[in-house]
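What follows is each chain in one-letter form.
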Amino acid sequence: MKIKIKVIVSSVLLLLSPLSLALPSIQHWQTNNGVQVYFVPTEGLPILDAQLVLRAGSSADGDKNGVAALTSALLTQGAAGLNAQDIAERLDSVGAQLSASTSRDLTTISYRSLTDEKALQTSWRLLKAVLSKPNFPLQDFNRIKARTLLGIKQRQESPGVLGQLALYQEIYKDHPYSHAIQGVENTVKEIQVNDLKQFYQQYYVANNLAVVLVGGISRDQAERMVEELVVDLLAGKKAAPIEAVLTPQKGKVIHLEYPSEQTHLLYGLPVLQHNDPDYFPLYVGNHILGGSGFSSRIVKEIREERGLAYSAYSYFHPMIQKGPFVMGLQTRNEKAKEASMAVKQTLRTFIQDGPTDEELMAAKKNIIGGFALKLDSNKKLLGNVVRIVVSGAPLNYLNSYMQKIEAVTQQQIKQAFQRHLKMEKMVMVTAGQSVVQKD
């Protein structure tokens, strides 16, 4: 039986003034074999959340696109002589959870357990086995590889997914970010179990690992547990830096003909690395432009003024190298050209003029007012600490977060958007039964 625990302090946090909110202190140390550890103790909750973060994302696939994702998928299928059913049953017996996932930059192993002695010992040993002694059993490899190939085929049934893949392929060209995380059919078919073992040996090493813990244990306990967890890992080397992203020099319109009633539209460009000096103006600006749901400018323009789509959105996705800015919507096929023009005009106006006084005031109030909700559970707090660790931001990042939001000006937003978003270089992808001509 899985046990879910809500953080009791959430209601208390909501009663506090956001600007006076007491924020957690992130403790940091290094293990004897070089693993970086980050720890936030919490009181009153008998639960421990952890993430193991490895620079082993799909950008490290090389010519075996899909090998990083397959490697992480096999971790819980067999380890230290246990099979997948053994691992699942032992986790379930103590209400613990263990999973792994891969993005373009990273692979993460996520863990959650109660902190009573039996639960913690049982689940932590399983985590250690999965991290240090995966078996990569051939039968499970063949099953998951077949499942992956089926998922790749099913992408052809989703115009939204096809559109996103086409956008990434165009804006990133030959860069590893252009590749689908799960791989493509011809590369996945060629991957063998030994490829997973080689990938694991290269990237699942102490010098390429960070461990982040949030929960109801002491610092001494955390140190002992992490040393025990990583003691069997080879030191290895940190993953090589991901190559820089080259910004497209010329925009493009791509149409994917698809027999659907709706056209999916995506408009994007590589823009933002972690810790860019313009992050806060871009974040607040995007909250106004398309990141705040029905109150955002793009929804008002696209939905309320023109009736072109039920919803529309925009976001910045910072990555180790330049992650994308994307605007998107779905619209009726016959309205695709009008919608594409409206998206461009909305963005063009925002870049030229920036937000209004009222929009900026409302955005700051909304972001600052919701800040406590970012920290009202172990998992949310863990996610924030992981983002700090991955981005290389200062460990006191959360302490200055609200002040930096409050300090953003209209002029800063306008200048940041003008610096980063060059519309003549942006790529538009549509997938549906219509063709959008470039203006």
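Residues numbered from 1 in each chain as written. Predicted model: local features only at pLDDT ≥ 70, side-chain atom pairs only at ≥ 80, totals over all residues. Heavy atoms only, no water.

Here we look at the packing of aromatic side chains
Alright, step 1. Applying the stated criterion to the full structure yields 18 aromatic pairs.
Alright, step 2. Between Phe136 and Tyr200, the ring centres sit 5.8 Å apart and the planes meet at 70°, which makes this aromatic pair edge-to-face. In this pair, Phe136 sits in the loop between α4 (117-132) and α5 (138-154) while Tyr200 sits in helix α8 (residues 193-203), placing the two residues 64 residues apart along the sequence.
Alright, step 3. For Tyr200, a relative accessible area of 10% gives the class buried.
Alright, step 4. Centroid distance Tyr168 to Tyr172: 5.6 Å. Interplanar angle 45°. Geometry classified as tilted. Residue Tyr168 and its partner Tyr172 are both found in helix α6 (residues 159-172); the two are separated by four residues, about one turn of the helix.
Alright, step 5. Using a relative accessible area of 3% as the deciding quantity, one classes Tyr172 as buried. (Phe/Tyr/Trp six-rings, centres within 6.5 Å; stacked < 30°, edge-to-face > 60°. Helix = DSSP H or I, 4+ residues; strand = E, 2+ residues; numbered from the N terminus. Buried < 20%, exposed > 50% of the residue type's maximum accessible area, 1.4 Å probe, protein only.)

Quick word on the environment of Thr42
Alright, step 1. Along the chain, Thr42 turns up in the loop between β2 (36-41) and β3 (47-54).
Alright, step 2. Here Thr42 falls in the buried class, since its relative accessible area comes to 19%.
Alright, step 3. Leave out the neighbours within four places in its chain, and Thr42 touches Val214, Gly215, Gly216, Asn378 and Leu381. (Contact = heavy atoms within 4.5 Å.)

Here we look at the sheet that holds β3
Alright, step 1. If you walk across this open sheet you meet the six strands as β1-β2-β8-β3-β7-β6, and the pairing is mixed. If you trace the sheet from one side to the other, it starts and ends with β1 (27-30) and β6 (97-102), each paired once. The mean inter-strand angle of the sheet, taken between neighbouring strand axes irrespective of direction, is 15°.
Alright, step 2. One ladder, built from eight bridges, connects β3 with strand β7 (residues 107-114); its direction is antiparallel. Each bridged residue has a counterpart across the sheet, and for Leu48 the counterpart in β7 is Ser113.
Alright, step 3. With respect to the sheet, helix α14 (residues 378-391) is in contact with β2, β3, β6, β7 and β8 (209-215), its orientation differing from that of β8 by roughly 150°. (Pairing = 2+ DSSP bridges. Axes fitted to C-alpha atoms, helices over the stretch in contact; angles between N-to-C directions.)

A closer look at unusual backbone geometry
It is generally the case that most residues other than glycine have a negative phi and that most peptide bonds are trans.
Alright, step 1. Not every positive phi belongs to a glycine, and Phe136 is a case in point at roughly 50°.
Alright, step 2. Positioned with a positive phi, Asn275 is a non-glycine residue whose angle comes to about 65°.

Side note on α8
Alright, step 1. Along α8, the positions that sit buried rather than exposed are Val193, Asp195, Leu196, Phe199, Tyr200 and Tyr203. One side of α8 holds all its buried residues, which, seen down the axis, span an arc of 155°. With respect to the buried face of α8, the exposed residues turned more than 90 degrees away are Gln198 and Gln201.
Alright, step 2. Against β3, α2 (67-74), α4, α5 and α7 (185-190) lie the buried residues of α8. (Arc of directions from axis to C-beta.)

Things to note about the layout of surface pockets
Alright, step 1. The volume enclosed by the largest pocket comes to roughly 1100 Å³.
Alright, step 2. In this structure, the largest pocket is lined by 43 residues; those nearest its centre are His274, Tyr279, His317, Pro318 and Arg387.
Alright, step 3. Elements represented by at least two residues in the lining of the largest pocket include exactly β6, β7, α10 (279-291), β11 (312-316), α14 and α15 (397-407). (1 Å grid on protein atoms, 1.4 Å probe; cavity = no way out; pocket = protein on both sides within 12 Å on 5 of 7 lines; lining within 4 Å. Points joined across faces, edges and corners; volume = space filled by probe spheres on them.)

Some thoughts on the sheet that holds strand β10 (residues 262-272)
Alright, step 1. Pairing within the open sheet is mixed, and its five strands lie in the order β9-β13-β10-β12-β11. Here the strands that pair on one side only, and so sit at the sheet edges, are β9 (252-257) and β11. The average angle at which neighbouring strand axes cross in this sheet is 15°, direction not considered.
Alright, step 2. Sheet topology note: the β10/strand β12 (residues 323-332) ladder contains 10 bridges and is antiparallel. Across the sheet, the residue bridging to Pro270 is Pro324, located in β12.

Re the packing of α10 against helix α13 (residues 357-369)
Geometry of a packed helix pair, given as the angle between the helix axes and the separation of the axes.
Alright, step 1. Two elements in contact, α10 and α13, have axes whose closest approach is 9 Å; the angle formed by their N-to-C orientations is 105°. It follows that α10 is roughly perpendicular to α13 by the angle criterion. Within the contact between the two elements, α10 uses Tyr283, Val284, His287 and Ile288 and α13 uses Glu359, Leu360, Ala363, Asn366 and Ile367.
Alright, step 2. Looking at the contact of α10 with α13 residue by residue, the classes come out as six nonpolar, two polar and one charged. (Parallel < 35°, antiparallel > 145°, perpendicular 65-115°, else oblique. Nonpolar A, V, L, I, M, F, W, Y, C, P; charged D, E, K, R; others polar.)

Points about the pattern of salt bridges
Alright, step 1. Counted by the stated rule, this structure contains 14 salt bridges.
Alright, step 2. With a shortest N-O distance of 2.8 Å, Lys173 and Glu170 are connected by a salt bridge.
Alright, step 3. On the basis of relative accessibility, which here comes to 13%, the residue Glu170 falls in the buried class.
Alright, step 4. Here Lys252 ties to Glu170 by a salt bridge, and the two come within 3.6 Å at their closest N and O atoms. With Lys252 in strand β9 and Glu170 in helix α6, the pair connects residues that are 82 residues apart, well separated along the chain. (Salt bridge = Lys/Arg side-chain N within 4 Å of Asp/Glu carboxyl O.)

Considering the packing of helix α3 (residues 84-93) against α4
Alright, step 1. For the pair α3 and α4, the least separation of the axes is 9 Å and the interaxial angle reads 150°. The angle between α3 and α4 places the two elements in the roughly antiparallel class. Here the hand of the crossing between α3 and α4 comes out left-handed. Contacts from Ile87, Arg90 and Leu91 of α3 reach α4 at Thr122, Ser123, Leu126 and Val130.
Alright, step 2. Partitioning the contact of α3 with α4 into residue classes produces four nonpolar, two polar and one charged. (Left-handed = near helix turned anticlockwise from the far one by under 90°.)

Observations regarding the pairing of β7
Alright, step 1. With seven of eight residues buried, β7 is to be regarded as a mostly interior element.
Alright, step 2. One ladder, built from six bridges, connects β6 with β7; its direction is antiparallel. Within β7, the residue paired with Leu98 across the bridge is Tyr111.
Alright, step 3. Linking β6 back to β7 in an antiparallel pair, the connection comprises four residues.

Description of the confidence of the model for the protein
Alright, step 1. Counting all residues, the mean pLDDT for the protein is 93, and 94% of those residues have values of 70 or more.
Alright, step 2. Across residues 1-20, where pLDDT falls below 50, the model places 28 contacts with residues more than four positions away in sequence or in other chains.
Alright, step 3. Every residue in residues 435-439 is under pLDDT 50, and counting partners more than four places away or in other chains gives 13 contacts. (pLDDT = per-residue confidence, 0-100.)

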